[in-house]
Amino acid sequence: MRRIATLGGLAFLLAAMITCLPAAADEINFFERTVADDLDGARFAQVVDLDDDGDNDIVACGYEDADIFWWENSGLGSFTRHVVAQDNFAGANHLVVDDLDGDGDKDIVAVSFTMDVVAWWSNNGSETFTRTIIATGFVNASCCFVIDLDDDGDKDVLASAFYQDKISWFENDGSETFTMHNTFTAGLDGAQWVWAGDVDDDGDQDVAGLSFHDGNVIWWSNNGSESFTANQISGNHEGASSIQGVDLDDDGDMDFVTTAFADNRLTWWENNGSETFTQKNIDNTLFGAIQAAVSDLDNDGDMDIIATAFNGSQMYWYDNNGAETFTRRIVTDTAVRPFGVAAGDLDGDVDVDLVLCDFEGDAVLWFESGGGSGGTIFLVAGPGPSPDNEARVKGFYINGNENGITNFIAYSAGGYGVNVVCGDITGDGIDEIVTGAGPGAVYGPHVRAFQWDGTAMGSLSFLAYGTNKFGVNVACGDVDGDGFDEIITGAGPGAVFGPHVRGWNFDGGPLTEIGAISYFAYGTPKWGVNVTCGDIDGDGIDEILTGAGPGAVYGPHVRGWNFDGTAIQAMSQVSFLSYGTNRWGVNVAAGDIDGDGYDEIITGAGPGEFTSPHVRAFNFDNAALAPIPGVSFFAYETGFTYGVNVNCVDLDNDGYDEILTGAGPGPGQPALVRGWNYDGAMLEMLTGTDFYAFDETTVFYGANVTGGAAQ
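Keep in mind it's a predicted model, so treat the numbers as computed, not measured. (Residues numbered from 1 in each chain as written. Predicted model: local features only at pLDDT ≥ 70, side-chain atom pairs only at ≥ 80, totals over all residues. Heavy atoms only, no water.)

## Brief notes about the overall build of the chain
- If you tally the helices and strands in the chain, you get zero helices and 54 strands.
- Over its C-alpha atoms the chain spans a radius of gyration of 30 Å, differing by no more than 12% from the 27 Å that the globule rule assigns to 711 residues.
- Along the longest, intermediate and shortest principal axes, the C-alpha atoms of the chain span 90 × 50 × 45 Å.
- Buried residues in the chain amount to 61% of all 711 residues.
- In the chain, 50% of the contacts between residues at least 6 apart in sequence involve partners at least 24 apart.
- Here the chain has roughly 24,900 Å² of accessible surface; of this, 46% comes from carbon and sulfur atoms.
- When the 24 positive and 111 negative side-chain charges of the chain are each reduced to one mean point, those points stand 11 Å apart. (Helix = DSSP H or I, 4+ residues; strand = E, 2+ residues; numbered from the N terminus. Rg over C-alpha atoms; globule rule 2.2 N^0.38 Å. Buried < 20%, exposed > 50% of the residue type's maximum accessible area, 1.4 Å probe, protein only. Contact = heavy atoms within 4.5 Å. Areas by Shrake-Rupley, 256 points an atom, 1.4 Å probe, with all protein chains shown as cover. Lys, Arg positive; Asp, Glu negative; His and termini not counted. Charge placed at Lys NZ, Arg CZ, Asp CG, Glu CD.)

## What to know about unusual backbone geometry
- Phi at Asp87 takes a positive value of approximately 60°, unusual for a residue other than glycine.
- With respect to the element layout, Asp87 can be found in the loop between β7 (79-85) and β8 (92-98).
- Look at Asp116: it is not a glycine, yet its phi comes out positive at around 60°.
- The topology assignment puts Asp116 in the loop between β9 (107-112) and β10 (117-123).
- When its relative accessible area of 19% is taken as the criterion, Asp116 is described as buried.

## Considering the environment of Arg616
- Structurally, Arg616 is set in strand β48 (residues 614-619).
- Sequence separation between Arg616 and Thr308 is 308 residues; the distance between their C-alpha atoms is 50 Å.
- For Arg616, the contacting residues outside a window of four places in its chain are Ser578, Tyr579, Ile601, Ile602, Thr603, Pro627, Val631 and Ser632.
- Side-chain polar atoms of Arg616 contact the backbone oxygen of Ser578, separated by 2.7 Å. (Polar contact = N/O pair within 3.5 Å; in protein donor to acceptor, adjacent residues only side chain to side chain.)

## Quick look at the sheet that holds strand β32 (residues 392-396)
- Ordered by their spatial adjacency, four strands build an open sheet running β33-β32-β31-β54, and the pairing between neighbours is antiparallel. This sheet does not close on itself; its edge strands, each paired only once, are β33 (402-409) and β54 (703-709). Adjacent strand axes in the sheet meet at a mean angle of 20° when their direction is disregarded.
- Note: strand β31 (residues 377-383) against β54, seven bridges, orientation antiparallel. Counted as the bridge partner of Gly382 is Asn704 from β54. (Pairing = 2+ DSSP bridges. Axes fitted to C-alpha atoms, helices over the stretch in contact; angles between N-to-C directions.)

## Some thoughts on the environment of Trp366
- Here Trp366 shows up in strand β30 (residues 363-369).
- Since its relative accessible area comes to 0%, Trp366 is described here as buried.
- With 191 residues separating them along the chain, Trp366 and His557 place their C-alpha atoms 47 Å apart.

## Concerning the pairing of strand β25 (residues 304-309)
- Along β25, six of the six residues are buried, which leaves the element largely enclosed by surrounding structure.
- Of the two faces of β25, the one lined by Asp304, Ile306 and Thr308 and the one lined by Ile305, Ala307 and Ala309 are each fully buried.
- Pairing of strand β24 (residues 289-295) with β25, which is carried by six bridges, proceeds in the antiparallel orientation. Within β25, the residue paired with Ala289 across the bridge is Ala309.
- Direction of pairing for β25 relative to strand β26 (residues 315-320): antiparallel, over a ladder of four bridges. Bridging from a neighbouring strand, Thr308 pairs with Met315 of β26.

## Observations concerning the layout of surface pockets
- Considered as a void within the structure, the second largest pocket measures approximately 530 Å³ in volume.
- Among the secondary structure elements, those contributing two or more residues to the lining of the second largest pocket are β4 (42-48), β8, β12 (141-147), β16 (191-197), β20 (240-246), β24 and β28 (338-344).
- Top element by residues in the lining of the second largest pocket is β24. It accounts for five residues.
- Residue composition of the lining of the second largest pocket, by class: 20 nonpolar, seven polar and one charged. (1 Å grid on protein atoms, 1.4 Å probe; cavity = no way out; pocket = protein on both sides within 12 Å on 5 of 7 lines; lining within 4 Å. Points joined across faces, edges and corners; volume = space filled by probe spheres on them. Nonpolar A, V, L, I, M, F, W, Y, C, P; charged D, E, K, R; others polar.)

## Describing the sheet that holds strand β51 (residues 658-663)
- If you walk across this open sheet you meet the four strands as β50-β51-β52-β53, and the pairing is antiparallel. The open sheet has two free edges, formed respectively by β50 (644-649) and β53 (683-692), since each of these has just one partner strand. If you compare each strand with its neighbour and ignore which way they point, the axes differ by 25° on average.
- Pairing of β50 with β51, which is carried by six bridges, proceeds in the antiparallel orientation. Each bridged residue has a counterpart across the sheet, and for Val649 the counterpart in β51 is Glu658.

The structure is reproduced here in structure tokens:
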């Protein structure tokens, strides 16, 4: 059904869709997911820890559904919907979450545009809400704000009435009985929005508002006794739609950020410290500019802006360079009618995520932030080689919370877990997940590739070693310098299988074997071979590193191999025993853990029954091989044996790769994953990355772990 939308009381037919020019290359990547797709007329949202359990939830209202819902965050990237008001608050236009009654929990204040009501919902402490009407006959209530306006120790309410051209404040007597004061009326033809804060830094709370019809931007100075003087900032902000106060330029005074619907404009108003405001237009092509939020989105110490284009399909963020020059970057251009936007950390990874209300799409959307130029980094784990472990692949944030996207079975035959690695085999800047079948005696060397949501890449499914059993080890790296990661395979740990390494080119398809990469890394010994890739000589092209397989007579022999595009050559300087004469082979990884531009070699002790989870690091840097004294540690406590699995990835986008460890493949060994940070001088466990990838009471034989960029 085609809608006639109402913005602050002015009815208008939706304008024609306008296509904006693409934004500059993004420095933050966002991963979109749907929180709700059935909130009819999704209007406004707030990100807040409503249930006080340590993670942020979402509260939103539906204009046409007459609903207010809150979505409880599990802390694991999933949300459960709860009702605040359903089918009984028509025209729900705006809301604020705050502790209105001072009892220590969070209540909700909201306005109804069509019912002409200002109301609040009292939280009983267990998120059961009871509605109380603050005002009726408040015609076309459009916006609300909660603040202790009169400094008497309780929270008051401000609201705008679009049709009545006024902003009123509702004085709380301390027992949540409210007295209405029609204080703000002049110059508000179509009162659209209200905000309050100390604009002039005199210790009391001032008020700011907008008029949609005559384009006024006004703030009212409080004399300390709630007598207010109007101060006009602008009279030509046509279709003024939202305002908020913030010290945008970090100079110690309060500025304003506004949107203007009819002018298609996003503006900030610079305060000179004496409350004289200079208009600074950020964007004059934000078609149907409807709402804005302010947050340090890229964590660089200055305030950025997020804004929505109702007459387009876009939500943008405006990157502040620290001197209030803003670069427009796109978050999404596929919303139907983007409306309200909110910012906050929803997944506990410290960076700022975004929530968008899509008015005509009837959706509440969560845009998970990658937190920096490296994109969204996820951990990926597969269970170790127990006959009871299905070949399940799961994705995680760096804090151990499941990412809510990656959870699939790689091999339906089941049993003996799955080997996992990430690599950009299609050359699009986003890693794919490559899997190798686990080492069961009946499982062939089956290699597959998947997108992050578990969608199989049908053209990439092959047996790396014919019908041989005992699975296959996998690695990814750009060994030929063509910008695409190749797939490197190592034969699985069967007692009759040699250390056969092979290379495979996909480059977006089709799959072809690299004939020159087919060799035995350790002559004719059996028990397969472990493989990884890394640029250990700093030439921009990855080398292949191998670790001897887990045979009872095989030492922890690590070797390096160079591929020049035509032939494979052993690197004579990279051939060493990482743990002396200990047996049971060695696991290998590579990553630039000290930020010197060269990948270091990381080793994990092989899976001997009495082998400790010893991790070591070695520097090559295209010179002499040398151990790194500061990186020689036991990844797990006493009681963990059967060695340790290792990998490397830059989890926190700081330019240094972290070391990932998974418990070794022994009976009784849980799937415990840890991350380790080395800054060139000191090694420490990465905060938050210490978790069980699978149920610690039922899934044993350790974990295989990797990581990659999902956007």
